[in-house]
Amino acid sequence: MIMQIFSVDTIKAPMTRDRYQTRVAKFLDFIKIPGKTLEQKGRYFAKKGKKDTNWVLSNVLKFVYFQRERVDKKEISGATIINYIKSIKLFCEMASRKR
């Protein structure tokens, strides 16, 4: 699923595609999605998210808040949060189209 979402049709540049996958993987790990592979985690997230959109929003907000704290500590820049949000947003949009 992750590979299908971040395919050549969606994101042409291989480096960009890899970074999007990495960011989504970090998000899924942060919210403790079960699964051994990124594919399994992505499927679980998409399935649960389709049933409960409030759960998705809550987890995205927790992740963004955590990243915001890292900005305050000067561990990352504010632009990094935007990049995480773009990656998560694309993942959610594409997963909802794969119904």
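Residues numbered from 1 in each chain as written. Predicted model: local features only at pLDDT ≥ 70, side-chain atom pairs only at ≥ 80, totals over all residues. Heavy atoms only, no water.

(A) Broad picture of the pattern of salt bridges. Under the criterion given, the structure shown has five salt bridges. With a closest N to O distance of 3.4 Å, aspartate 72 and arginine 68 form a salt bridge. Remark: arginine 68 and aspartate 72 occur in helix 4 (residues 53-72); sequence separation between them is four residues, near one turn of the helix. Overall, arginine 68 belongs to the partly exposed group, its relative accessible area being 46%. Of the charged contacts, one joins glutamate 93 and lysine 89 as a salt bridge, the two residues approaching to 3.9 Å between their closest N and O atoms. Within this pair, glutamate 93 and its partner lysine 89 are both found in helix 5 (residues 78-97), separated by four residues, close to a single helical turn. (Salt bridge = Lys/Arg side-chain N within 4 Å of Asp/Glu carboxyl O. Helix = DSSP H or I, 4+ residues; strand = E, 2+ residues; numbered from the N terminus. Buried < 20%, exposed > 50% of the residue type's maximum accessible area, 1.4 Å probe, protein only.)

(B) Geometry of the side chain of arginine 23. Its place among the elements puts arginine 23 in helix 2 (residues 14-30). In this structure arginine 23 is buried but unpaired, with aspartate 18 as the nearest side chain of opposite charge at 11 Å. Apart from residues no more than four positions distant in its own chain, arginine 23 is found in contact with Asn83, Tyr84 and Ser87. (Lys, Arg positive; Asp, Glu negative; His and termini not counted. Contact = heavy atoms within 4.5 Å.)

(C) Main features of the environment of tyrosine 20. As for its position among the elements, tyrosine 20 is in helix 2. A relative accessible area of 15% places tyrosine 20 in the buried class. Sequence spacing of tyrosine 20 and lysine 86 is 66 residues, and the spatial spacing of their C-alpha atoms is 8.3 Å.

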